[in-house]
Amino acid sequence: MKTTLLTLALVAAAFTTQAQAPAKAAEPTAVSAAYTAQLAATVQELMSTGEPAQLKQADAKLERAALIAPKDWLPRYYQAYARVITCFVSKEDGDVKDKYLDQAEAALAQARQLGGDESELLVLQAYLYQARLGVAPVLRSMKYSGMVTETLVQAKKLNPANPRIYLVQANNVYYTPAMFGGGAEVAKPLYQEAKARYAAFKPASAVAPNWGKRQLLGRLKAYETAAVK
């Protein structure tokens, strides 16, 4: 018991310490359970905040996780997610936001090299394209809206049960002007389909991609509120 607690403490310290020297890869048999527990805690931190400073703290912890377990694709995947969300919530100018997205692209590329779940990577790529569009909607809508759609088609071919496909698709339609076939009412059935997909979805593990449901429920709640008025 003491050994297990010590191992967990050491892994937690490695996640939070910003050492200058590169971390050595830990022995998987010695720390796999502790590593997974700490990664799950870091992911929970990431999913529970919309504050740029806290998102960057989670990003830093994920960098440490990637050094501890260099063959695991999930830290890089979640780094990409953290950077996309940072772009969405940041009040900084467009050039800074694009830098966050450049960093997200780099992390996604690393996750792909490590053999990550391609359907999840494609969905996050599509979400990243939405963030690119959001930096300059008028100038970028024609380019990136289509790229979102094309990327989600690829993701759906690989895993049509992935609920994040339908959430990102609904977002894309929601923010498309009505004159181009989008808008809130057109997106509503897509959000409802996403809800059904989330209800049926079971993540592969405690640290497997499972984001988006809170965003979806918030959107559906907004529809209900609007209907009452």
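All of these numbers come straight from a predicted model, not from anything done at the bench.

Trainee: What should I look at first to understand the layout of surface pockets in this one?
Mentor: In this approach the atoms are scanned with a rolling probe the size of a water molecule, which exposes any empty space left behind. The volume enclosed by the largest pocket comes to roughly 570 Å³. Met47, Tyr81, Trp211, Gly212 and Arg214 are, among the 22 residues lining the largest pocket, the residues nearest its centre. For the lining of the largest pocket, the secondary-structure elements that each account for two or more residues are helix 2 (28–47), helix 4 (74–89) and helix 10 (213–228). Counted by class, the lining of the largest pocket contains 14 nonpolar, 6 polar and 2 charged residues. Computed from the structure, the second largest pocket encloses a volume of approximately 490 Å³. Leu133, Asn171, Asn172, Tyr175 and Thr176 are the residues nearest the centre of the second largest pocket, which is lined by 18 residues in total. Sort the elements by how many residues they give to the lining of the second largest pocket and helix 7 (residues 137–158) lands first, with 5 residues. Considered class by class, the residues forming the lining of the second largest pocket number 9 nonpolar, 8 polar and 1 charged.

Trainee: Can you help me understand the packing of helix 5 (residues 94–113) against helix 6 (residues 118–135) in this one?
Mentor: Two packed helices can be described by the angle between their axes and the distance between those axes. Remark: helix 5 packs on helix 6, axes separated minimally by 10 Å, with the N-to-C direction vectors making an angle of 170°. By the criterion of interaxial angle, the relationship of helix 5 to helix 6 is roughly antiparallel. Judged by residue contacts, Gly94, Lys97, Asp98, Leu101, Asp102, Ala104, Glu105, Leu108, Ala111 and Arg112 of helix 5 engage Glu118, Leu121, Leu122, Leu124, Gln125, Leu128, Tyr129, Ala131, Arg132 and Val135 from helix 6. Within the contact of helix 5 with helix 6, the residues separate by chemical class into 11 nonpolar, 2 polar and 7 charged.

Cut-offs and rules
Within any chain, residue numbers begin from 1 and follow the written order of that chain's sequence. Predicted model: local features are reported for residues with pLDDT of at least 70 only, side-chain atom pairs are reported and counted for 80 or more only, and whole-chain, interface and lining totals are derived from all residues. Excluding hydrogens and water, the side-chain figures rest on all heavy atoms present in the structure. Only protein atoms enter the 1 Å grid used here, on which a cavity is any set of points holding a 1.4 Å probe that cannot leave and a pocket is any open set flanked by protein within 12 Å on both sides along at least five of seven lines; residues with an atom within 4 Å of a point are listed as lining. Grid points are joined across faces, edges and corners, and a volume is the space filled by probe spheres set on the points. Think of it this way: any DSSP run of H or I at least four residues long counts as a helix, any run of E at least two long counts as a strand, and we number them from the N terminus. The classification used treats Ala, Val, Leu, Ile, Met, Phe, Trp, Tyr, Cys and Pro as nonpolar, Asp, Glu, Lys and Arg as charged, and all other residues, Gly among them, as polar. Orientation is described by axes fitted as lines to C-alpha atoms, over the contacting stretch for helices, and by angles from 0 to 180 degrees between their N-to-C directions. Each angle receives one of four descriptions, namely roughly parallel if under 35 degrees, roughly antiparallel if over 145, roughly perpendicular if within 65 to 115, and oblique otherwise. Contacts are assigned to residue pairs with any non-hydrogen atoms lying within 4.5 Å of each other.

Keep in mind these numbers describe shape, not what the thing actually does.
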